[in-house]
Amino acid sequence: TSSINPVPRDKLRDGGTFTWAAQQMPANFNYHEVDGTDFDSARLLDALLPWVMTTDAAGTPLWNPDALASEPTVTTTNGQVVTYEINPKAIWYDGTPITWEDFYWQWKAVNGTDPAYRISAANGYENIRNVERGKDDREVVITFDPPFADWQQLFAPLYPASTNKDPQVFNEGWVQRPLTTAGPFKFD
């Protein structure tokens, strides 16, 4: 049996406490760091950090309207190019806007080219040739070479550039607690 009481979002009140059952506390709240890649961490981070794409009950990838303003576009004229339009309301908990730089620095941290970053895997990120600013800071253009069929699973979760620029912060900064969030919950 299930003890879940589904309630429409518009019927929920703001505030309150959500208690999350987990087998253990994450060893590292950075899911992309080698010690942070476990099931409990992933589920907890689902509620704390933005995911560019999610999946429905059937496993179909869906763009996340909390993170993106529209469905990503994919072109294949010059390699595989995925363009994300970031939701203008998407911000980190401290009020910093989520921008193309967050995508760029995540790619740089987890693509496997810098051994100072202790990454759990470079799957897909090593296929990215370039991450660049689009028409403004809220558009990110990602070029894959070679193409990567499962591109929807990348940038999930997305971490801020400020925590991916420095290998030491990437590796150790998230050990005790999440450094920031962008989801509906704060960690306590």
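Residues numbered from 1 in each chain as written. Predicted model: local features only at pLDDT ≥ 70, side-chain atom pairs only at ≥ 80, totals over all residues. Heavy atoms only, no water.

Trainee: Please provide a residue-by-residue account of the pairing of strand β6 (residues 139–144), values included.
Mentor: Most of β6 is tucked away: six of the six residues are buried. With burial as the criterion, each face of β6 is covered, one bearing Glu139, Val141 and Thr143 and the other bearing Val140, Ile142 and Phe144. When strand β4 (residues 80–85) meets β6, the two strands line up antiparallel, connected through six bridges. Looking across to β6, one finds that Gln80 is bridged to Phe144. Sheet topology places strand β5 (residues 128–133) next to β6; five bridges connect them, and they run antiparallel. Bridge assignment links Arg133 to a residue of β6, and that residue is Val140. Joining the antiparallel neighbours β5 and β6 is a turn of five residues. (Buried < 20%, exposed > 50% of the residue type's maximum accessible area, 1.4 Å probe, protein only. Helix = DSSP H or I, 4+ residues; strand = E, 2+ residues; numbered from the N terminus. Pairing = 2+ DSSP bridges.)

Trainee: How would you sum up the packing of aromatic side chains? Please name residues and give values.
Mentor: Applying the stated criterion to the full structure yields 11 aromatic pairs. Measuring from ring centre to ring centre gives 5.0 Å for Phe103 and Phe155, while their planes differ by 50 degrees; the resulting arrangement is tilted. With Phe103 in helix α2 (residues 100–110) and Phe155 in the loop between β6 and α3 (161–164), this residue pair connects regions lying 52 residues apart in the sequence. Judged by its relative accessible area of 2%, Phe103 is buried. Ring centres of Tyr125 and Phe155 lie 5.3 Å apart, and the angle between their planes is 85 degrees; on these two criteria the pair is classed as edge-to-face. Here Tyr125, found in the loop between α2 and β5, pairs with Phe155, found in the loop between β6 and α3; they are 30 residues apart in sequence, far enough to count as distant. There is no split in this pair, since Tyr125 and Phe155 are both buried. Lys108 extends its terminal NZ or CZ atom over the ring of Trp107, reaching a point 5.3 Å from the ring centre. (Phe/Tyr/Trp six-rings, centres within 6.5 Å; stacked < 30°, edge-to-face > 60°. Lys NZ or Arg CZ within 6 Å of the ring centre and 35° of its normal.)

Trainee: Tell me about a nonpolar patch on the surface, and please be specific about residues and values.
Mentor: Taken together, the side chains of Phe18, Trp20 and Phe185 define a hydrophobic patch exposed on the protein surface, amounting to about 300 Å² of accessible area. Mapped onto the fold, Trp20 is located in the segment before α1 (39–48). Look at Trp20 and you get partly exposed, because its relative accessible area is 34%. (Patch = residues over 30% accessible without salt bridge, like charges linked within 9 Å, V, L, I, M, F, W, Y side chains within 5 Å. Areas by Shrake-Rupley, 256 points an atom, 1.4 Å probe, with all protein chains shown as cover. Salt bridge = Lys/Arg side-chain N within 4 Å of Asp/Glu carboxyl O.)

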